[in-house]
Amino acid sequence: MSDVVNAAVTALNEKLSGGFAGRAKFVIEGEGALMLDGAGVRAGDEEADVTLTADRETFEGILSGDVNPTAAFMQGKLSVDGDMGLAMQLGAVLS
């Protein structure tokens, strides 16, 4: 597991202190994947209701608040596969 994934797990667990309603996966290209659900955030690559995929730079920008998730999606830097409503909820939590 990469340092990027480990750091993201820690940061997202702080942002999602109450867990997340649904099952989401965030794939960081070349680094690994994170699972977000009611139990919190952990490294993993499991089935999810929605999968978001981005490169490391875009993901770190979203996590830091420098990149708007909706703008990243519209620019093709963030792809979404699955429940778009759940992706929008996650985007709101991250921004």
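One numbering rule holds for all chains: residues counted from 1, following each sequence as written. Only residues with pLDDT of 70 or above have their local features reported here, since the model is predicted, and side-chain atom pairs are shown and tallied only from 80 upward, although totals for entire chains, interfaces and linings are computed over all residues. Remark: hydrogens and water are excluded; side-chain values derive from all non-hydrogen atoms of the structure.

K.L.:
Help me get a handle on a nonpolar patch on the surface, residues and values and all.
P.N.:
Together, F73, M74, M84 and M88 make up a nonpolar patch on the protein surface, roughly 440 Å² of accessible area in all. Comment: elements are numbered from the N terminus, with helices defined as DSSP H or I runs of at least four residues and strands as E runs of at least two. Looking at the nonpolar patch, the elements that each hand over two or more residues are α3 (69-74) and α4 (84-94). Checked against the element boundaries, M84 lands in helix α4. Only residues whose relative accessible area exceeds 30% and that take part in no salt bridge are eligible for patches, with like-charged residues grouped when within 9 Å of each other and nonpolar side chains (Val, Leu, Ile, Met, Phe, Trp, Tyr) grouped when within 5 Å. Computed by Shrake-Rupley with a 1.4 Å probe, the accessible areas treat only the displayed protein chains as cover when residues are assessed. Should a side-chain nitrogen of Lys or Arg be within 4 Å of a carboxyl oxygen of Asp or Glu, the pair is scored as a salt bridge.

K.L.:
Hey, could you go over the pairing of strand β3 (residues 40-43) for me, with residue numbers and the actual values?
P.N.:
Pairing between two strands is assigned when DSSP locates at least 2 bridges connecting them. Looking at chain direction, strand β2 (residues 32-37) and β3 are connected through 4 bridges and run antiparallel. From the neighbouring strand, D37 faces β3, where its bridge partner is G40. Linkage of β2 to β3, two consecutive antiparallel strands, is achieved through a turn of 2 residues.

K.L.:
Outline the pattern of salt bridges, supporting the account with residue identities and numerical values.
P.N.:
One pass over the structure, following the stated rule, counts 7 salt bridges. Between D37 and R42 there is a salt bridge, and its shortest N-O distance comes to 3.0 Å. Burial classes: relative accessible area under 20% of the type maximum marks a residue as buried, over 50% as exposed, and values in between as partly exposed (1.4 Å probe, protein chains only). What makes D37 buried here is its relative accessible area of 9%. Note on R42: relative accessible area 28%, which makes it partly exposed. Here the salt bridges share partners, and the residues they tie into one network are R23, D37, R42 and E46.

K.L.:
For the pairing of strand β1 (residues 24-28), give the residues involved together with the corresponding values.
P.N.:
Counting buried residues in β1 gives 4 out of 5 residues, a clear majority hidden from the surface. Sheet topology places β1 next to β2; 5 bridges connect them, and they run antiparallel. Considered in β2, the bridge of K25 is made with M35. Connecting β1 to the next strand, β2, in antiparallel fashion are 3 residues, including G30 with a positive phi near 80°. Of the pairings in the sheet, the one linking β1 to strand β4 (residues 50-54) comprises 5 bridges and is parallel in character. For K25, the partnering residue across the bridge sits in β4 and is T51.

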